[in-house]
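The lines below spell out each chain.
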Amino acid sequence: MKRLLTLAALLMLVLGINAQEKKTWDFTQGLSEETVANLNADGTNWAPNGTDNWKNNNNSFNKSNLMANSVVIPETAGLIFDIGSNKSNSIHLAQNKIRLTRKNTVITFPQLTNGQTITIVGRSANGTATNRGIAPVQSYLKFQADESSPQYNGACIFLGNTVEGSEGTYTFVWKVETDSAEPVDVQFKLTPDGGIDFTLFMIDKGDAPSVEEAQPVAYIYDGSLDEDYAYVYLEGSSDKFILTPVDASNTEETAETLRSNYTAVVVSPTIGADHPYLSTIKQTIAYVPVLNFNTAIYEALGYGKAVASTSNILSVMQENETLFEGIDTTEGIELLSEGVITGVELGDYFAADDIIANAGDVVAMHIHNAKRNAYMLLPLSIADMAVANQDNIALLIPNALSTLIATKRDVTAVGKPVIATVQEDGATTVSLSATNSKKIYYTLDGSDPTVESTLYTEPFVLTEPTTVKAFAIGDGYTDSEIASKDVTILTQASAPSVSISQEEGKSVVSFSSAEGVDIYYNYIGSTVLTESAKYTEPIELTQPTTIYAFAVGGDYLMSDLSKEVVTIEGINKYTLRWDVVSHFDANADEWSGKGQQQDAEGNIINANYFFTWGKNAGAYWDESSATDGTDEDGNPITIYTETLAPETYESGDWRLKSIGQVMTWEKLDLKNNIGDTNYRNPDSAEDAIGVNDQEGITNNAVTFGKQPTGGPFNASLESTVAFQAPFDIVIYAGNGNAGEIPTMQVETSADGETWTKLGDVNYSLIKRNYKKTHLSYEGTDKVYVRIHHTDAKSSGQVYDLYIMNNGEYSQNSDVTTAINDVQSSEAVRSEVYSINGVRANAAVRGISIVRTTYADGKVVTRKVVK
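Residues numbered from 1 in each chain as written. Predicted model: local features only at pLDDT ≥ 70, side-chain atom pairs only at ≥ 80, totals over all residues. Heavy atoms only, no water.

Bringing the pairing of strand β20 (residues 264-267) into the picture now. Along β20, one buried face is formed by A264 and V266 and the opposite face, lined by V265 and V267, is buried too. Pairing geometry for strand β18 (residues 215-221) and β20, over 4 bridges, is parallel. Considered in β20, the bridge of A218 is made with V265. In this structure, β20 lies alongside strand β21 (residues 290-292), joined through 3 bridges in parallel fashion. Within the sheet, the bridge partner assigned to V266 lies in β21 and is L291. (Buried < 20%, exposed > 50% of the residue type's maximum accessible area, 1.4 Å probe, protein only. Helix = DSSP H or I, 4+ residues; strand = E, 2+ residues; numbered from the N terminus. Pairing = 2+ DSSP bridges.)

And the structure:
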């Protein structure tokens, strides 16, 4: 019978990975330099997410290994990830963990057999979340301290958990139980919420300790090795090193063969400062680990010079467990039993190196490129070796070589330069960068750059179209590819011209562009296209505000912002309502974590769900009021005469109130991408207008949710104080779902008991997109205000509710100044037109258009009815 391979098993075969060969994924060990370089180079699939952290850019990882720059990421090799319909930001790779952020993400451990165990160590990425976990197949296991009893789910058994390290980190173990004689793929899913940091995945007892093979080492000398104790001590470590003596005066070894054939190179003190092989040795530094005993060659290499110290003791400046293994460094290390140590004065190339040890005030040991093909000095001349402390150098010499071998890395190319441009009016500034680069060279004449080309030192400005070419060199890296970019020079579009026509109760704003390009406008002062609306027709405004516009398109750079304060005829400094009397903003301090539902032990659960029924709807009717009755058709029914008492939660001027209906607090990251169909954006540019020129929508919301059992929607957000009329009510609200608009209305009450509808709350059809509602209460009394959920079409979210009146702020605002300017400026000319645009001598019966020009150039157009 033919065996059918699972998709995961097929992937493993194609990619040359066997899950049984890798049994430990310890993410605390960090990411290799190669992985970091590949993550940085793969802008399609990965993006930086802070320091030493990367997140996926798209949903390309579906039933696949994690890849970066078309290479399987070795730290996760063997694990199959499926983020399903989730998009970007589902996977975070960091130097000490892997974070999976979204529910339903699946991890597959391929080809496991009956009896094998899987250990997972992790913690919630949110310290207060209580509903985050990972479960085999469909079973849910919480990362929570009280989850201690074994649970069986039909495929695996949960053996238990133990707290490790910081609070909230748990170890979970599952055992594979299957009747299949063939290996099976075992899957785990994040459910019900994502956001988990994993530090370890392990199959059985993990990978067996690796047995390191003896490493090939080239020992470069000149003349004789008879008195070279370093060679003797290294040769005695045959389990670690395979030494190949390389006679510098009689060898065919080149820098290239030394790099490719050996794990490390050792430079004997027998090499003289004038030896011709020094140039070859110089070419190996930073490309293969190098241990040098000879200070005399520094000046010849151009890397510094030898300097005699006044001490025979190494004073350790930087501890290193491998380097000083078996050696007591507390009071320094005696290197020589007599005489003094010859150290070095470091030149420019080594100037930034880590200093390992000094002899007196002189550098004795230093390390260059400590994490990649490192170079180290251990100063021991042939004469020194005869008087050295043999106990110490017998340990220090092989330890130094082992330390360096651990830094062996494949030699890769410097990253291809990035040619970045910033365009301004008639000029473009060019900046160059490249990962792992030491120097970047460039040309502006179209020719390929070399090290003889212009060295890049700072951004430069071009005023003519130019082809920029650049390549980079790096210490320990091969040269980069040549990057090329055609740099264009653009002129800036003129800022849009603004025309405002004032009519009774509204102003009509029109824009025009001198170049005929597109115009975008907004009310937040942004120059981002997605945060702006495209201008297509005059804009009618009924409330004073400031409008901004910019022109962009064609062969032009984006213009500067045009800014215009828009006033409304009939609204003056005494009628403008820009003073905040009260503000409900769902801030976290007052409204999050205020849940009242408790478990059997009295612990609060579902902390962001208000009221004792939590996230599931509660009862509406009082069961004690139940009586038997019949419906219209004579069928028996239960009739209730009393509701339960409402539950409330209040803070400051505002109270949440409900009988059985779910209400919850949510943290929402609001954006300003107008018309975007993704969550949490304004429906239109006008929905982003603030309540005044300083304040507007904030980031959190209270959601009016599930209908109570057996009863109507009734939840409300209501004031605990009555406000003196007249005043305006401004609300920012979002739809908790999509396709239906929540039925929620604004109501007022003189006594807080009997309520009268003032108007409806505006909502978007797009889930969580927000709209602005502006209502006015024009009475002279004091009234309470509430938002009341009245129907079941959708859940509603309230971000902000403002009560606004006229006061000091309104009377001294920028828009008030603009109103005063118009009113105080002398009218120099008035023109009357018919409704059809025909010039007239005076207003006619019916509607006329009056256009008034003031001394300051302001033009006001209004309709006059006679």
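All right, on to the pattern of salt bridges then. Enumeration according to the criterion identifies 18 salt bridges in this entry. Among the salt bridges present, the one from D518 reaches K534, with a minimum N-O distance of 3.7 Å. Of this pair, D518 sits in strand β39 (residues 518-522) while K534 sits in strand β40 (residues 533-534), and the two are 16 residues apart along the sequence. For D518, a relative accessible area of 34% corresponds to the partly exposed category. (Salt bridge = Lys/Arg side-chain N within 4 Å of Asp/Glu carboxyl O.)

Relative to strand β56 (residues 756-760), strand β55 (residues 744-749) runs antiparallel, the two sharing 4 bridges. By the bridge assignment, E747 is partnered in β56 with K757. The loop that links β55 with its antiparallel partner β56 comprises 6 residues; one of these, G752, has a positive phi angle of about 80°.

Below, the discussion takes up the sheet that holds strand β35 (residues 483-487). Taken in spatial order, the 4 strands line up as β32-β31-β34-β35 in an open sheet, and their pairing is antiparallel. A single partner strand is all that each edge strand has here, and the edge strands are β32 (454-455) and β35. Bridging between strand β34 (residues 466-473) and β35 involves 5 bridges; their strand directions are antiparallel. The residue of β35 that forms the bridge with A470 is A483.

Where helix α2 (residues 33-41) is concerned, the buried positions are T35, V36, N38 and L39. Seen from one end, α2 has its buried residues packed into an arc of 165°, which puts them on one side. Buried-residue contacts for α2 involve β2 (46-48), β3 (53-56), β5 (67-68), β6 (71-72) and β8 (91-94). (Arc of directions from axis to C-beta. Contact = heavy atoms within 4.5 Å.)

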